[in-house]
Amino acid sequence: MGTPWTNWARTATANPHRVEHPASIDELATAVAGASLVRPRGSGHSFTDIAVAPGVAIDLDAWTGIVEVSGDLVTVRSGTTLHQLNALLDVLGLAMANLGDIDAQTVAGAISTGTHGTGAKLGGLATQVVALELVLADGSLVRCSASERPDLFGAARIGLGALGVISTVTLRCVPAFVLHAREFPGRLDAVLDEFDHLTAVEDHVEFHWFPHSDRVIVKRNNRVDEPAAPLSALRRFYEYEVMENGAFGLVCKLARAVPSTTRTLNRVCGALVSERVYRDVSHRVFVTPRRVRFVETEYAVPRAALHDVLRELRAAVARLDHGVIVPVEVRVAQGDDIWLSTAHGRDTAYIAVHQYLGMPYRRYFDAFEQIAGAVGGRPHWGKLHSLTAGALRDRYPRFDDFRRVRADADPGGKFTNPYLDRVLGDPSGTGDGA
Ligand SMILES: Cc1cc2nc3c(=O)[nH]c(=O)nc-3n(C[C@H](O)[C@H](O)[C@H](O)COP(=O)(O)OP(=O)(O)OC[C@H]3O[C@@H](n4cnc5c(N)ncnc54)[C@H](O)[C@@H]3O)c2cc1C
């Protein structure tokens, strides 16, 4: 019997029959070939039950590090965390072109759910992948890229762990760079009015909106040819540990204990935002510690629909019978060609809504899902949503192609779990999967 498993947000649990920790390709292939139901898992940072292993769990914590470097192409073992990867790239003078908010995820886990950061001329992490090696259901090792098994490559870069166990990922990196970071308070309407301009002229823009007010924090990060001028260790500790985690955590606890204070606390937090300007190595700007636990849903909507969706979300928040303590996060990405990418075929705005763990969230998330759904919104594969294969098929032009590749790679459904049954349907690829 394996050890019971829970994800970071405590929204998913599993009791795998056993947990394998392969440390070589042979061990990985043997673990896959010898199991009838098997599932790889990363760091458990998905909010959905996507990583739940009903049979054998494969934990890749012993399968880390760089395999090969060739110019700006870096091949890493799939269990390497983004934190480890960033440190290894620092030594090579390289970096990831873009990253999300945290670095706890494994490389394979992050790409498999479509993890992204922000930047109107940049895609999510999976767009930085140029080749993958996977162990398929029969234990065979295959390689795919734009020129080798292109269909498998189109599917497996954001493969939801449904096609096989990724063993290595080759990433196109960029020379290490410094970001000039400026974070400052603003007003929602003013930011929306200039958002198209902002996203066009800044490398990375996002904002966090305090939904019981019109206050936002805007974050603008731009590449500069200047040396890093980071926040001092003391200031960093104060800003991130004391304010963003310690003090914010206390505010959240208070809101949970005395729900009637939530709206006021949210407004006060919005009013207390102050400016922060510094320059630092890219990943030290992209990534910040997140110790306050929350639940989250996120939808990718067409860029042009952002204003309408936020206006309707604002009205929905006002109708809720409870308050919302955690801000709404808005980011952007360039459209891409990955089959199950939430940004497939269209420039995208990402809207993420959160609530502190233990506070009511279902009506809030459901209302947002309706609003985003009306403009063809696509849910992040790793964040809470209730869509099934029938609805998702309408939102992804290559959905049936993905199901075809899945049926070829894993005809017996060895890698499935209840989440994949819901979002992809029958592993045989037959039926509409609704
Ligand atoms: C605090 C927090 C902040 C976050 N910030 C962001 C953000 O800024 N942007 C964003 O887009 N998302 C964000 N996320 C979501 C997160 O990036 C994704 O859910 C990601 O998938 C988690 O990676 P993981 O390593 O924990 O994978 P897990 O959640 O453990 O697994 C995710 C999927 O990857 C599959 N998988 C894992 N390893 C392999 C493998 N070797 N081969 C094939 N499949 C594999 C699993 O089977 C599963 O389907 C955040 C989540 C949290 C909790």
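The structure reproduced in this document is the subject of the present report.

### Thoughts on the environment of serine 282
- As for its placement among the helices and strands, serine 282 is situated in helix α9 (residues 282-286).
- C-alpha of serine 282 to C-alpha of valine 251: the two residues are 31 residues apart in sequence and 30 Å apart in space.
- Apart from residues lying up to four places away in sequence, serine 282 is in contact with Ala95, Phe177 and Leu179.

### Section: the sheet that holds strand β10 (residues 141-145)
- If you walk across this open sheet you meet the five strands as β6-β7-β11-β9-β10, and the pairing is antiparallel. Each end of this open sheet is capped by a strand with a single partner; those strands are β6 (66-70) and β10. Across the sheet, the mean angle separating the axes of adjacent strands is 15° when strand polarity is ignored.
- Strand direction decides the pairing type here: β6 and strand β7 (residues 73-77), joined by four bridges, are antiparallel. By the bridge assignment for β7, serine 70 is matched with leucine 73.
- Against the sheet, helix α1 (residues 25-33) makes contact with β9 (129-135), β10 and β11 (165-172), and its axis sits at roughly 135° relative to β11, the strand it touches most.
- Packing of helix α2 (residues 82-92) onto the sheet brings it into contact with β6, β7 and β11, and relative to β6 it is tilted by some 35°.

### Quick notes on a nonpolar patch on the surface
- Residues Phe237, Tyr238, Val242 and Met243 make up a contiguous nonpolar surface patch of roughly 380 Å² in combined accessible area.
- Mapped onto the secondary structure, methionine 243 falls in helix α7 (residues 233-257).
- Judged by its relative accessible area of 37%, methionine 243 is partly exposed.

### What about the site of the ligand?
- Close contacts around the ligand come from 36 residues, with Pro40, His45, Ser46, Thr113 and Ile166 the closest.
- In this structure, an oxygen atom belonging to the ligand sits 3.0 Å away from a main-chain N or O atom of serine 43.
- Histidine 380 places a polar side-chain atom, nitrogen or oxygen, 2.9 Å from an oxygen atom of the ligand.
- Within the complex, the protein chains bury 99% of what would otherwise be the 980 Å² of accessible surface of the ligand.
- Elements with a contribution of two residues or more to the shell around the ligand: β4 (38-41), α3 (107-112) and β11.

Analysis parameters
- Numbers given for residues are sequential positions, taken from 1 along each chain in its written order.
- Whole-chain, interface and lining totals are the exception, using all residues; otherwise, since this is a predicted model, local features are given only for residues with pLDDT of at least 70 and side-chain atom pairs are given and counted only at 80 or more.
- Side-chain metrics in this entry use all non-hydrogen atoms of the structure; hydrogen atoms and water are not considered.
- Secondary structure follows DSSP: runs of H or I at least 4 residues long count as helices, runs of E at least 2 residues long count as strands, and numbering of each begins at the N terminus.
- Residue contacts are defined here by distance: any two heavy atoms, one from each residue, within 4.5 Å place the two residues in contact.
- At least two bridges found by DSSP between two strands is the condition for calling them paired.
- All axes here are fitted lines through C-alpha atoms, helices being fitted over the stretch that makes contact, and every angle between N-to-C directions spans 0 to 180 degrees.
- Like-charged residues are merged into a patch within 9 Å and nonpolar side chains (Val, Leu, Ile, Met, Phe, Trp, Tyr) within 5 Å, provided each residue has over 30% relative accessible area and no salt bridge.
- What sets the accessible areas is the Shrake-Rupley method with a 1.4 Å probe; for residues, cover comes only from the shown protein chains.
- Criterion for a salt bridge: a side-chain nitrogen of Lys or Arg within 4 Å of a carboxyl oxygen of Asp or Glu.
- Think of it in three bands: residues with accessible area under 20% of the maximum for their type are buried, residues over 50% are exposed, and the middle band is partly exposed, with areas taken using a 1.4 Å probe on protein chains only.
- Here, proximity means that at least one heavy atom of the residue falls within 4 Å of the molecule or strand.
- For this analysis, a polar contact is any N or O atom pair within 3.5 Å, provided that within protein one partner can donate a hydrogen and the other can accept it, and provided that sequence-adjacent residues contribute only side-chain to side-chain pairs.

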